[in-house]
Amino acid sequence: MVSPLQVFSRNLRAPFHRWQAFRLLRALHAARPSLPELAKRGQKLGSNGWYRVRTLQIPSEITALAREVEKLKPRIVVEIGTARGGTALIWAYLARERLITCDILDKRGFADLLRAFPPPDSACRVSVMIGDSHDPAFAERLRAELAGELADFLFIDGDHTEAGVARDFEMYREFVRPGGLIGFHDIAEKQPLPTNQVQHFWKKIRGAYETIEFIQNRDQTGFGIGVVRVPAEGFPPATR
Ligand SMILES: C[S@@+](CC[C@H](N)C(=O)[O-])C[C@H]1O[C@@H](n2cnc3c(N)ncnc32)[C@H](O)[C@@H]1O
């Protein structure tokens, strides 16, 4: 939780942090990072305040997922759960045409940095959508944003309760093309918070589909990524 004093202080320093973040991003683009390097920089680009880029991912897990997504040669990636943009940075490098990243929290001025995530020679356009993914009106906004296209990859990393992740899967799986992938974060059996319940959801669905798991250590607390391949017939429209 950010206090009013912290908000005031961050707003005051925002122009400097923005300048710093764009400088670091330009340097990253110029270095033409590999996927493991990108996963590392997504953890901490070096920027601060409203413009700090972070992620809570195990580098080997997110790199393995990124390699799997890369195999799809994705045109369109959708992410539920932008947070500090760490995974969006990776998707922005992989998506050839669109990245749509969504969060319930207002990302303040950060959106202009997110929109600059694709490398300079990329045709990828980034859309930052703010709203509750569980709201049917939000799903309709996303449908309009996709304008009849289907995503190649959907990363579900928003509400981590069992009911919340199940609802995201039910509502958004129809937006992914047959043969595309849907990823879920935090499937490891042991989780640090009682509200992290993705593992319960994952155990219920993994037998029903073609799946892949990226878990660095079966004994770890937290993290772990599960992936579902969308069946050839696709998923049916959600019941609203
Ligand atoms: C674990 S973070 C995402 C991390 C990010 N994908 C990464 O690894 O860099 C989860 C994010 O989901 C957002 N979130 C939680 N519930 C949501 C909902 N119902 N709709 C949209 N976003 C939600 C939170 O605000 C938070 O920023």
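For the structure, see preceding data.
Just so you know, these numbers come straight off a predicted model, no measurement behind them.

(A) Quick look at the overall build of the chain. Within the chain one finds eight helices and seven strands. A compact globule built from 240 residues would reach a C-alpha radius of gyration of about 18 Å, and the chain, at 17 Å, matches this within 12%. In terms of its C-alpha atoms, the chain occupies a principal-axis envelope of roughly 50 × 40 × 35 Å. Of all 240 residues assigned to the chain, the portion counted as buried reaches 52%. Taking contacts inside the chain between residues at least 6 apart in sequence as the whole, the part at least 24 apart equals 73%. Of the roughly 11200 Å² of accessible surface on the chain, 56% is carried by carbon and sulfur atoms. In the chain, 34 positive and 28 negative side-chain charges are present, and the distance between their average locations comes to 7 Å.

(B) Examining the side chain of Glu 68 more closely. Position of Glu 68 relative to the elements: it lies in helix α3 (residues 59–71). Separated by 3.2 Å, the side chains of Glu 68 and Lys 71 make a polar contact. When near neighbours in sequence (up to four residues on either side) are disregarded, Glu 68 contacts Leu 181, Ile 212, Phe 214 and Arg 229.

(C) Spatial organisation of the site of the ligand. Neighbouring the ligand are 20 residues, the closest being Thr 55, Gly 81, Thr 87, Asp 103 and Asp 157. One nitrogen or oxygen atom from the side chain of Asp 157 is found 2.8 Å from a nitrogen atom belonging to the ligand. Expressed as a share of its isolated accessible area of 610 Å², the protein-covered part of the ligand is 82%.

(D) Representation of helix α2 (residues 35–43) within the structure. Inspection of α2 places Leu 35, Leu 38, Ala 39 and Gly 42 among the buried residues, and these make up the whole buried set. For α2, the angular spread of the buried residues around the axis is 100°, confining them to a single face. Turning to α2, the residues buried within the fold contact α1 (4–30), α3 and α4 (86–94).

Reading the values: the criteria
Residues numbered from 1 in each chain as written. Predicted model: local features only at pLDDT ≥ 70, side-chain atom pairs only at ≥ 80, totals over all residues. Heavy atoms only, no water. Helix = DSSP H or I, 4+ residues; strand = E, 2+ residues; numbered from the N terminus. Rg over C-alpha atoms; globule rule 2.2 N^0.38 Å. Buried < 20%, exposed > 50% of the residue type's maximum accessible area, 1.4 Å probe, protein only. Contact = heavy atoms within 4.5 Å. Areas by Shrake-Rupley, 256 points an atom, 1.4 Å probe, with all protein chains shown as cover. Lys, Arg positive; Asp, Glu negative; His and termini not counted. Charge placed at Lys NZ, Arg CZ, Asp CG, Glu CD. Polar contact = N/O pair within 3.5 Å; in protein donor to acceptor, adjacent residues only side chain to side chain. Near = heavy atom within 4 Å. Arc of directions from axis to C-beta.

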